[in-house]
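Structural description and commentary
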Amino acid sequence: MKFPARHWSPNLIRTPAFPKHARLINTATSPGRLATRPVTLPSSSLSHSKISTLKPTISLRRALPLTLSPSQRQTIYALATPPGKAGVAVIRVSGPAVPDVYARIVRKVGGRMKDLGSSETANLPKPRVMERAEIVDPDTGEVLDDGLIVYFAAPKSFTTEHVLELHAHSGRAIISSILHSLSRITGCRPAEPGEFTRRAFESGRLDLTQVEGLKDLIDAETSVQRKLALRAAGGAIRKKYDDLRERIIYCLAMVEAIIDFGEGEEIEDGVWEKAQEKVSELQSEITGHLHDGRRGEILRNGIRLAIFGPPNAGKSSLLNFLAQREAAIVTPLPGTTRDVLEISLDIGGMPVIVADTAGLRKTSDLVESIGIERARAAVASADVSLCVLSLPDVLSGSVPSSIKELITPDTLLLLNKTDLVDDKQPKSTNHSSALSTSEHQWQASVNTGTGMKHFLDDFVQVLRDRFDIDGNGEDREPLITQARHRIHLENALQYLDAFMMMGPENVVFAAEELRYAAQEVGKVSGAIGVEDILDTVFKEFCIGK
Ligand SMILES: Nc1nc2c(ncn2[C@@H]2O[C@H](COP(=O)(O)OP(=O)(O)OP(=O)(O)O)[C@@H](O)[C@H]2O)c(=O)[nH]1
Ligand SMILES: [K+]
Ligand SMILES: [Mg+2]
């Protein structure tokens, strides 16, 4: 079979914005879209075993969006700890002017006064060793604070540049005098939000999933979030995306071998089929990740739990019990709660955003009816819903059907006010088929506390099971923890789908699909440097990180 000459193929690429409707553009007139380098193949005939050593046209190395060489860069500084009165404040300085900064504003306690103003004569301290030092005004030599300093020599630092950390006492006047001193040293300027981390990324020390993990680690409020973030920051997620990308590139290498040599001529038959087989494996794997019930994203952002039910069932009382404070108004008047009240809680180590809602009933009150609409919307958008009913109402069959309709097998059901039932034995609610559909139900009394410990323990376990928190093993760890990852994986899948629809006669276009798929996966880790992705990721950071 003859294939078109391939020399034009790198110039013809499709705009990723329209994956379904191919549009060909020329990279010669649209520079920077896709860089490819030619395949170097051994001149002898190829066999399957040799294909694995092929160098495909996408570099496996991280594309560095570095624009300035380290020596051209400015030195940045920022307060790395929260501002305010505290024992210690850390001011971080990173960049080529660090030796100068050290020479001019650090003075060893008990040591000789240094020749202020000359970096040439600066004796930089031993890296990674904390030293007691005075921090002084660079012009007057006035002592600003007595603290500690630690120096990290390039490239063994977070940013891979020279880094100096000044550990001072955290007080407003001390911090501002040190920052002001730094501003007077040539080449130094205040850091932008996330700029230290951005330098770490640009130097290849961190990839984007690690950057996001770092941000999440700082923001983590529960142990589940911390574990998830630590895994990302440690590079476990990066490894998985790198692996996916390398496997796509392996398929691309096979397809490119066909383009260059033509099946049946110099390479064995069946290479096309082999590539299709591998791509189909990738398709189902990615589909599996996309159908993860948004576990990673939910655990990262918080499980949305909606409490709903008829008026006076004790929904707000339950919210207050979970929050351990009087967060919501509780009165004997039905229709007390009108708006959705959301509280973020740590429940059994999990981040849960609990929403208390207005009791559902027919009403002519305008405000209440808006509240009820919002309640329904909250239930519809929740990850987990918990229906509270009063047990006496259930036993007397007075639960309205409009509420029973909302109860599905996934709905958690708390039958409250057991204290109002004479016989304290748990009651069978089997006579109400709507209620028995719920797989998880408890009987308790929020007011007296009877049954509440059991409810809470069980409830935590249901959440842990539902979000697979105790599941062991790498495979159980969610791969997608950000909406951004999902978008890139969905795009990659579309390109793989497009590849699978092509026959060997379209081998050149098929290769392009794989190239795009690899590129999409690469965007997750930042292996493909796309400015707008970088800006979105880094703008979420605060200054000093
Ligand atoms: N006896 C008894 N009363 C309870 C129990 N739980 C809540 N109550 C009472 O039931 C009344 C209504 O409680 P709320 O928590 O305001 O009920 P709600 O479901 O939020 O009501 P709305 O906001 O009006 O829809 C209050 O007087 C509570 O003290 C319970 O376990 N036993
Ligand atoms: K009430
Ligand atoms: Mg209420």
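Every chain begins its residue count from 1, and numbering advances along the sequence as written. Chain letters start at A and ligand numbers start at 1, both assigned in the order the entries are written. In view of the model being predicted, local features appear only for residues whose pLDDT reaches at least 70, and side-chain atom pairs are presented and counted only at 80 or more, with totals across whole chains, interfaces and linings using the full set of residues. Only hydrogens and water are removed before side-chain values are computed, so all heavy atoms of the structure are retained for them.

The protein is annotated in an unreviewed UniProt entry as TrmE-type G domain-containing protein from Tulasnella calospora MUT 4182. UniProt positions are given in the numbering used here, feature names are shortened, and annotations may be inferred rather than shown by experiment. Looking at the protein in UniProt, the text filed under Sequence similarities (unreviewed entry) is "Belongs to the TRAFAC class TrmE-Era-EngA-EngB-Septin-like GTPase superfamily. TrmE GTPase family." In its Subcellular location (unreviewed entry) section, UniProt records this for the protein: "Mitochondrion".

Let us now look at the overall build of the protein. Along its length, the protein carries 18 helices and 15 strands. The rule is simple: take the accessible area with a 1.4 Å probe, protein chains only, and divide by the maximum for that residue type; under 20% is buried, over 50% is exposed, in between is partly exposed. Counting over 545 residues, the protein shows a buried share of 50%. Working rule for contacts: check all heavy atoms of both residues, and any pair within 4.5 Å makes them a contact. Here the contacts in the protein between residues at least 6 apart in sequence split such that 69% fall between residues at least 24 apart. Secondary structure follows DSSP: runs of H or I at least 4 residues long count as helices, runs of E at least 2 residues long count as strands, and numbering of each begins at the N terminus.

Counting residues in hydrophobic clusters, the biggest one holds 38 residues, and the most contacted among them are Tyr241, Leu244, Val255, Leu489, Phe499 and Leu514. Looking at this core, the elements that each hand over two or more residues are α7 (236–261), α8 (271–290), α16 (483–500) and α17 (507–525). A total of 11 residues in this core trace back to one element, the largest contributor, which is α7. Not counting chain neighbours up to four residues away, the residues in contact with leucine 244 comprise Leu282, Glu285, Ile286, Leu479, Leu489 and Val521. We define the nonpolar core as a collection of buried residues of types Ala, Val, Leu, Ile, Met, Phe, Trp, Tyr and Cys that are connected through side-chain atoms lying within 4.5 Å of one another. Ranked by size, the runner-up nonpolar core spans 35 residues in total, among them Val224, Leu228, Leu386 and Val388.

This part is about the side chain of serine 438. Note that serine 438 resides in the loop between α14 (433–436) and β15 (440–443). Its relative accessible area of 4% is what places serine 438 among the buried residues. We define a polar contact as two N or O atoms separated by no more than 3.5 Å, with the added condition that, inside protein, one atom must be a possible hydrogen donor and the other a possible acceptor, whereas residues neighbouring each other in sequence contribute only through side-chain atom pairs. There is a polar contact of 2.7 Å between the side chain of serine 438 and the backbone oxygen of threonine 411. Residues contacting serine 438, with those up to four places away along its chain left out, are Ile407, Thr408, Pro409, Thr411, Leu412 and Leu413.

Let us now look at the coordination of the potassium ion (ligand 2). For a metal bound by four donors in a tetrahedral arrangement, the ideal donor-metal-donor angle is 109.5 degrees, while six donors in an octahedral arrangement ideally sit at 90 or 180 degrees. Metal-coordinating donors are taken as N, O and S atoms lying within 2.8 Å of the metal, or within 3.2 Å when the metal is Na, K or Ca; because water is left out, some sites can appear incomplete. Distances from the potassium ion (ligand 2) to its protein donors, Asn312 (OD1), Thr331 (O), Leu333 (O) and Thr336 (OG1), fall within 2.5 to 3.0 Å. In this structure, the potassium ion (ligand 2) lies 4.9 Å away from the magnesium ion (ligand 3). For leucine 333, a relative accessible area of 58% gives the class exposed. Residue class for threonine 336 comes out partly exposed when judged on its relative accessible area of 26%.

With that settled, consider the coordination of the magnesium ion (ligand 3). Bound to the magnesium ion (ligand 3) on the protein side are Ser316 (OG) and Thr337 (OG1), at distances that span 2.0 Å. Of the residues examined, serine 316 reaches a relative accessible area of 9% and is grouped as buried.

Attention now goes to helix α11 (residues 366–381). For α11, which comprises 16 residues, the first-to-last C-alpha distance of 23 Å matches the rise-based estimate of 22 Å (1.5 Å per residue) to within 8%. Those residues of α11 not exposed but buried are Glu368, Gly371, Ile372, Ala375, Ala378 and Val379. Down the axis of α11, the buried set is contained in an arc of 120°. They therefore lie on one face. For α11, exposure combined with an orientation more than 90 degrees from the buried face picks out Leu366, Glu373 and Ala380. Here the buried face of α11 lies against β10 (303–308) and β13 (384–390). Given a helix with a known number of residues, its expected span is that number minus one, times 1.5 Å. Directions pointing from the helix axis toward each C-beta atom define the arc.

Domain segmentation is taken from an automatic or database assignment of domains. Examined at the domain level, the protein breaks down into domain 1 (75–110 + 122–191), domain 2 (236–292 + 479–540) and domain 3 (300–422 + 431–467). Of note, the centres of domain 1 and domain 2, computed from C-alpha atoms alone, are 46 Å apart.

Attention now moves to the pairing of strand β4 (residues 86–94). We treat two strands as partners when DSSP finds at least two bridges between them. Where strand β3 (residues 75–79) and β4 come together, four bridges link them in antiparallel fashion. Residue pairing in the sheet places tyrosine 77 in a bridge with valine 93 of β4. Two strands pair when backbone bridges link them, and β4 and strand β8 (residues 163–170) are joined in this way by seven bridges, in the antiparallel orientation. Across the sheet, the residue bridging to serine 94 is valine 163, located in β8.

Strand order in the open sheet made by the seven strands is β5-β6-β7-β8-β4-β3-β9, with mixed pairing throughout. The strands lining the two open edges of the sheet, one partner per strand, are β5 (106–108) and β9 (188–190). Along the sheet, successive strands turn relative to each other by an average axial angle of 35°, direction set aside. Note on geometry: axes are C-alpha line fits, over the in-contact stretch for helices, and angles between N-to-C directions span 0 to 180 degrees. In the packing of helix α3 (residues 172–183) onto the sheet, contacts are made with β3, β4, β6 (131–136), β7 (143–152), β8 and β9, and the angle to β4 comes to roughly 10°. Those strands touched by helix α4 (residues 195–202) are β3, β4 and β9, and its axis lies near 135° from that of β3.

The sheet built from six strands is open, its strands ordered β11-β12-β10-β13-β14-β15 with mixed pairing. The sheet is open, and its two borders are formed by β11 (341–347) and β15, each paired with just one other strand. Strand-to-strand, the axes of this sheet are offset by a mean angle of 20°, without reference to chain direction.

Side chains that differ in sign of charge can pair as their charged atoms come close. Any carboxyl oxygen of Asp or Glu that lies within 4 Å of a side-chain nitrogen of Lys or Arg is treated as forming a salt bridge with it. Evaluation of the coordinates by the stated rule reveals 29 salt bridges. Across the pair lysine 108 and glutamate 131 runs a salt bridge whose closest N-O atoms are separated by 3.9 Å. On the criterion of sequence distance, the pair formed by lysine 108 in strand β5 and glutamate 131 in strand β6 is long-range, its members being 23 residues apart. Judged by relative accessible area, lysine 108 falls into the partly exposed class, the value being 42%. Given the relative accessible area of 15%, glutamate 131 is considered buried.

Quick look at unusual backbone geometry now. Here the bond from alanine 154 into proline 155 is cis, since omega is 0°, no more than 30 degrees from zero. Counting through the fold element by element, proline 155 comes out in the loop between β7 and β8. Its identity as a non-glycine residue notwithstanding, glutamine 324 has a phi of 55°, on the positive side. Take glutamine 324: it is sitting in the loop between α10 (315–323) and β11. Of note, the phi angle at aspartate 468 is positive, near 55°, even though the residue is not glycine. Residue placement: aspartate 468 occurs in the loop between α15 (452–466) and α16. Of the residues examined, aspartate 468 reaches a relative accessible area of 19% and is grouped as buried.

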